[in-house]
Amino acid sequence: MLDSALALHLSNRLGFGPAPGQLAEIKSAGFEDYLERQLHPEPRKMPAALDRQLRGIPSFGKNTFDLYREHWWKLDARMPSGEKLAKEQRKLLKVVTNEVAPQIRMARLARSIASPHQLHEALVDFWFNHFNVYARKKEVKIWIGAYEEEAIRPHTLGKFSDLLLATAKHPAMLVYLDNWRNVAPGSGKQQGKMSGINENYAREVMELHTLGVDGGYKQSDVTALAHILTGWTVGFERGSDAGDPLQENWRHIVRGGFHFGAQRHDPSPQTLLGRKFAGSDVGEGEAALLMLAHHPSTARHISFKLAQYFVLDQPPPQLVDSMTDTFKKTDGDLRAVVRAMLESKTFRDPSTFGRKFKTPYRYVVSAARAVGEDPAKAAPLAETLKQLGQPLYECVTPDGYACTESAWLDPDAMMRRISFAVKFGSGAFAQAYLTDAGYGTMSKKAHLQPEGAGGTPIDPDKLLDTLGLEISAKTRTAIAKMAKTERAGAILGSPEFMRS
């Protein structure tokens, strides 16, 4: 049976911290069995209540075409007579569009809180930041959930090359990093927003997604890759007469799929990292991305970032070396790389326990799990994440949110965390009220109750039992001086709980 410290370490690092009763389950299972379960998740098998909640979220599980058809307020929709949507109807559709992101945030938070597949959820957090898209840019606003469901979640423990291609071809990424605008010079398609070569995606896919900033590429490689990836754009579902949330008889031109536009593609020979590429079909771009996926610099870059997220802000070189070797030997098998990391002596070394400072996301979710929060009441936590500086799906820059202490530890941030902890522990934190706003959408009212109003304070003794947390003598002394109704908040705001 595992000791309590290692069980807590596994719960904190493989997921988002212990829920009531989880530490006992981990200790009983043992390191190998628990790790094996987490490395082979079954994400479609969720607790019944969580599954019902997810299925009740209107936009959850819908593909990009359906989301565009039902939610995009700039939809090119006309009645059979040829008239455009009336102004008030477009205004209503815009309201529907703005409801998608809150729904998807609810789905992510609910699974992070209540899913038994905690490693899978932690990897979703990691890989989404690695392949970040910004939810407020154009159609990404409605495609953000589909991007996570289609491009990220199926590949968290698969082949890195599959994950790279899935993100590269997804409409959300094509729009976010502008590759849909990337058009061959002289193609005749340089009009409007498609104004020629756009290097945004080519640059970021090498600097952030694969090789790393020191991965050995040059500006000429960025330009070459941009030419290779011309014609990769967002496709249309033409001639669709599918139903609309406002009126059945409107016709649509619906965007949402990957499309290779041969007329927009530059077939001229290009040299990328010393290798020649030429072609007139999508295979040229796929071959270039696969070369990047299998590059030695990519193996090291991905291994370092995984170790930084799951082990230490500055992981030891020998751990990164071991993971890099595994990446190369297994052709980028992410399950094998993650296993090598988690089975390493470094990961299990007590000196690494409690050394990671929680990001706001990890902090908020770990607090919700610790008190046994109902995932159906998770909506206000999204507002808290905004206050703590990590609004879900709203990192503007393509590097995603950082996972290091230096990015998140500052006095103002600590005060905001402590304020949240006090309200959360006292029971004054609001619940989410979800109401049907029509047209299959969901609205919420989330607020903090007045001081001393309503709510049931969290039992501090049960909280400590759930956490199995080693509290310092200084912290225990401070907590002991408080009223019992204030102690749970003090535990959640303690230096010990801030770390994992």
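About the cut-offs
What you see as residue numbers is a count from 1 along each chain, following the sequence as written. For this predicted model, a pLDDT threshold of at least 70 governs which residues receive local features, and a threshold of 80 or more governs which side-chain atom pairs are given and counted, while totals over whole chains, interfaces and linings are taken from all residues. Only hydrogens and water are removed before side-chain values are computed, so all heavy atoms of the structure are retained for them. Strands here are runs of E lasting at least two residues and helices are runs of H or I lasting at least four, both read from the DSSP assignment and numbered beginning at the N terminus. For every residue, the accessible area obtained with a 1.4 Å probe (protein chains only) is divided by the maximum for its type, and the residue is called buried under 20%, exposed over 50%, and partly exposed between those limits. Should any heavy atoms of two residues lie within 4.5 Å, those residues are counted as being in contact. A 1.4 Å probe and the Shrake-Rupley method give the accessible areas. Residues count as covered only by the protein chains that appear here. Two N or O atoms count as a polar contact when they lie within 3.5 Å, although within protein this holds only if one can serve as hydrogen donor and the other as acceptor, and sequence-adjacent residues are included solely when both atoms are side-chain atoms. Planes of paired rings set the category: under 30 degrees apart is stacked, over 60 is edge-to-face and the rest tilted, where pairs are Phe, Tyr or Trp rings (Trp by its six-membered ring) whose centres lie within 6.5 Å. We count a charge as sitting over a ring when the NZ of a lysine or the CZ of an arginine lies within 6 Å of the ring centre and within 35 degrees of the ring normal. We define the nonpolar core as a collection of buried residues of types Ala, Val, Leu, Ile, Met, Phe, Trp, Tyr and Cys that are connected through side-chain atoms lying within 4.5 Å of one another. What a helix is expected to span follows from its residue count: subtract one and scale by 1.5 Å. One axis is fitted to the seven residues ending at the residue and one to the seven starting there. The bend at that residue is the angle between these axes. What makes a salt bridge here is a side-chain nitrogen of Lys or Arg within 4 Å of a carboxyl oxygen of Asp or Glu, nothing more. Here an angle of 0 to 180 degrees is reported between the N-to-C directions of two axes, which are lines fitted to C-alpha atoms, with helices fitted over the stretch in contact. Our angle categories are set so that under 35 degrees counts as roughly parallel, over 145 as roughly antiparallel, 65 to 115 as roughly perpendicular, and the remainder as oblique. In a left-handed crossing the near helix is turned counterclockwise from the far helix by less than a right angle, and in a right-handed crossing that turn is clockwise. By definition, pLDDT measures how confident the predictor is in each residue, and it falls between 0 and 100. Here the term patch refers to residues with relative accessible area over 30% and no salt bridge, with like charges joined within 9 Å and nonpolar side chains (Val, Leu, Ile, Met, Phe, Trp, Tyr) within 5 Å.

1. Structural notes on the overall build of the protein
Point 1. A count of helices and strands for the protein gives 25 helices and seven strands.
Point 2. Out of the 500 residues belonging to the protein, those deemed buried represent 54%.
Point 3. Long-range pairs, those at least 24 residues apart, make up 72% of the contacts in the protein between residues at least 6 apart in sequence.
Point 4. Within the structure as shown, the protein displays about 20900 Å² of accessible surface, and the carbon and sulfur contribution to it stands at 51%.

2. Observations regarding helix α1 (residues 4-14)
Point 1. With nine of its 11 residues buried, α1 lies for the most part within the structure.
Point 2. Among the residues making up α1, those that are buried are Leu6, Ala7, Leu8, His9, Leu10, Ser11, Asn12, Arg13 and Leu14.
Point 3. Its side-chain oxygen 3.1 Å from the backbone nitrogen of Ala5, Asp3 forms the N-cap of α1.

3. Overview of the packing of aromatic side chains
Point 1. One pass over the full model with this rule turns up 17 aromatic pairs.
Point 2. Look at Tyr309 and Phe310: their rings are 4.7 Å apart centre to centre, the planes differ by 65°, and that puts the pair in the edge-to-face class. Phe310 carries the same exposure label as Tyr309, and that label is buried.
Point 3. Linked through ring pairs, Phe126, Trp127, Phe131, Phe160, Tyr309, Phe310 and Phe327 together constitute an aromatic cluster.
Point 4. Across the ring face of Phe128, the terminal group of Arg108 is positioned such that the distance to the ring centre comes to 5.7 Å.
Point 5. When the ring centre of Phe31 is taken as origin, the NZ or CZ atom of Arg348, which lies over that ring, is 3.9 Å away.

4. Thoughts on the nonpolar core
Point 1. Among the nonpolar cores identified, the biggest contains 136 residues, and Trp127, Leu225, Leu289, Leu306 and Leu381 are the most heavily contacted of them.
Point 2. Counting residues per element, this core draws most heavily on helix α9 (residues 140-152), at eight residues.
Point 3. Residues contacting Trp127, with those up to four places away along its chain left out, are Ile152, Thr156, Phe160, Leu163, Ile302, Leu306 and Leu334.

5. Quick notes on α9
Three- or four-residue spacings in an α-helix give side chains the same orientation, since the helix completes a turn every 3.6 residues.
Point 1. A rise of 1.5 Å per residue sets the reference length of α9, with its 13 residues, at 18 Å; its end C-alpha atoms lie only 15 Å apart and thus fall more than 12% short of the reference.
Point 2. Along α9, the helix axis deviates most sharply at Ala146, where the bend reaches about 40°.
Point 3. With respect to burial, α9 is a largely interior element, 10 of its 13 residues being buried.
Point 4. For α9, every residue scored as buried is listed here: Val140, Ile142, Trp143, Ile144, Gly145, Ala146, Tyr147, Glu148, Ala151 and Ile152.

6. Thoughts on the pattern of salt bridges
Point 1. Enumeration according to the criterion identifies 23 salt bridges in this entry.
Point 2. Here Asp51 and Arg55 are joined by a salt bridge, their closest N and O atoms 2.9 Å apart. Of the two residues, Asp51 and Arg55 are both situated in helix α4 (residues 48-55); the distance of four residues between them amounts to about one turn of the helix.
Point 3. Using a relative accessible area of 65% as the deciding quantity, one classes Arg55 as exposed.
Point 4. Between Arg300 and Asp321 there is a salt bridge, with the nearest N and O atoms lying 2.8 Å from each other. Taken as a pair, Arg300 in helix α15 (residues 296-310) and Asp321 in helix α16 (residues 317-329) lie far apart in primary sequence, 21 residues in all.
Point 5. Residue classification places Asp321 among the partly exposed residues on the basis of a relative accessible area of 31%.
Point 6. Bridged by salt links that share partners, the residues Arg108, Arg111, Glu121, Asp125, Glu148, Glu149 and Arg153 form one connected network.

7. A look at unusual backbone geometry
Point 1. One non-glycine residue, Leu273, lies in the positive phi region at around 50°.
Point 2. Positive phi values are uncommon outside glycine, yet Tyr393 reaches one of about 70°.
Point 3. Tracing the sequence through the fold places Tyr393 in the loop between α20 (379-387) and α21 (405-408).
Point 4. Residue class for Tyr393 comes out buried when judged on its relative accessible area of 3%.

8. Digging into the packing of helix α3 (residues 31-39) against helix α17 (residues 334-342)
Point 1. For the pair α3 and α17, the least separation of the axes is 11 Å and the interaxial angle reads 155°. As far as their axial angle goes, α17 and α3 are roughly antiparallel. Note that α3 runs across α17; the crossing there is right-handed. Residues Phe31, Leu35, Glu36 and Leu39 of α3 lie in contact with α17, whose contacting residues are Arg335, Val338, Arg339 and Leu342.

9. Overview of the confidence of the model for the protein
Point 1. Per-residue pLDDT for the protein averages 89, and the proportion of residues at 70 or more is 88%.
Point 2. In the model, residues 240-250 has pLDDT below 50 throughout and makes 28 contacts with residues more than four positions away in sequence or in other chains.
Point 3. Contacts for the low-pLDDT stretch residues 431-453, under 50 throughout, to residues beyond four places or in other chains number 55 contacts.

10. What to know about a nonpolar patch on the surface
Point 1. A cluster of nonpolar side chains, Met415, Ile418 and Val422, forms an exposed patch at the surface whose accessible area comes to about 270 Å².
Point 2. Position of Val422 among the secondary structure elements: in helix α22 (residues 411-426).
Point 3. Judged by its relative accessible area of 44%, Val422 is partly exposed.

11. A word on the side chain of His130
Point 1. Relative to the helices and strands, His130 is located in helix α8 (residues 118-130).
Point 2. You can call His130 buried: its relative accessible area is 1%.
Point 3. Those residues in contact with His130, other than ones at most four positions away along the chain, are Leu208, His209, His301, Ile302, Lys305 and Pro398.

12. Quick word on the environment of Leu163
Point 1. Summarising the element assignment, Leu163 is placed in helix α10 (residues 160-169).
Point 2. Each residue touching Leu163, except ones within four places of it in the same chain, is listed here: Trp127, Phe131, Ala151, Ile152, His155 and Leu334.

13. Remarks on the side chain of Thr352
Point 1. When you line up the elements, Thr352 lands in the loop between α18 (345-348) and α19 (360-370).
Point 2. Residue Thr352 is classed as buried on the basis of its relative accessible area of 2%.
Point 3. A polar contact is formed between the side chain of Thr352 and the backbone oxygen of Thr346, at a distance of 3.5 Å.
Point 4. Thr352 has contacts with His9, Arg13, Leu312, Thr346 and Phe347, leaving out every residue within four places of it along the chain.

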